[in-house]
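If you want the building blocks of each chain, they are given just below.
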Amino acid sequence: MKNFIAIGNNLTVPLDDIAMGEGVIAGNGYLVGALFGVAAASVEYVAGAECVLNLTGVYDLPKQPSQAWTVGAKVYWDATNDRATTTATGNTLIGVATLKTGGTAGETIGRVRLNGGAV
């Protein structure tokens with residue numbers, strides 16, 4: 001097929017579109033418009049630098065404390081606090097929870113299967 005470009009599990013994007021003049025850290029989540037991805041590698045900022053974001057896969061991400069998750073719950077990205085949440089209002093859909101978590105203040109990591117883009 002002549003028009004096929006890539007499978008789309010990851011995407012290379014300019015750092016200026018991700019971190020606004022800053023570098024990125026491997027394993028951290030980044031929201032670029034309606035795309036959410038996890039940085040595949042740390043990249044220091046220099047003019048013209050690019051970063052690979054993994055758009056699919058299962059990741060442990062920082063989550064809103066005191067929020068219980070059930071398997072299959074929709075998960076959103078809270079760009080203000082750089083964390084995952086099940087609160088839809090004002091946040092961007094990034095995937096679904098793949099591991100149940102409790103609702104204590106100490107539970108700050110949630111396992112998410114990324115959906116490849118906001119729906």
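Sequence order as written defines the numbering, with residues in each chain counted from 1. For this predicted model, a pLDDT threshold of at least 70 governs which residues receive local features, and a threshold of 80 or more governs which side-chain atom pairs are given and counted, while totals over whole chains, interfaces and linings are taken from all residues. Note that water and hydrogens are dropped before the side-chain values are worked out from all heavy atoms of the structure.

**Student:** How should I be thinking about the overall build of the protein chain in this particular structure?
**Tutor:** Tallying secondary structure elements over the protein chain gives one helix and nine strands in all. The helix and strand labels rest on DSSP assignments: H or I over at least four residues marks a helix, E over at least two residues marks a strand, and numbering proceeds from the N terminus. Each helix and strand of the protein chain, placed in order from N terminus to C terminus, yields the pattern β-α-β-β-β-β-β-β-β-β. Taken over the C-alpha trace, the protein chain has a radius of gyration of 15 Å; the compact-globule value for 119 residues is 14 Å, and the two agree within 12%. The principal-axis extent of the C-alpha atoms belonging to the protein chain is close to 45 × 35 × 25 Å. Burial status across the protein chain gives 34% buried among its 119 residues. Surface accessibility in these figures is a Shrake-Rupley result with a 1.4 Å probe; residues are shielded only by whichever protein chains are displayed. Of the roughly 6700 Å² of accessible surface on the protein chain, a fraction of 55% belongs to carbon and sulfur atoms. We compute the radius of gyration from the C-alpha atoms alone; for a globule the expected value is 2.2 Å times N to the 0.38, where N is the number of residues. Here the term buried applies to any residue with accessible area under 20% of the maximum for its type, exposed to any over 50%, and partly exposed to those in between, with areas from a 1.4 Å probe on protein chains only.

**Student:** Looking at this model, I keep getting lost on the sheet that holds strand β1 (residues 10-14). Mind explaining?
**Tutor:** Strand-to-strand pairing in sheets goes through backbone hydrogen bonds, with the strands running parallel or antiparallel. The strand order across the open sheet built from four strands is β1-β4-β3-β2, with neighbouring strands paired in antiparallel fashion. The open sheet has two free edges, formed respectively by β1 and β2 (29-32), since each of these has just one partner strand. Across this sheet, the average inter-strand angle for adjacent strands is 45 degrees, counted without regard to direction. For two strands to count as paired, DSSP must find a minimum of two bridges between them. Pairing of β1 with strand β4 (residues 50-54) involves five bridges; the strand directions are antiparallel. When the sheet's bridge partners are listed, Pro14 is paired in β4 with Glu50. Angles run from 0 to 180 degrees between N-to-C directions of axes, and those axes are lines fitted to C-alpha atoms, restricted for helices to the stretch in contact.

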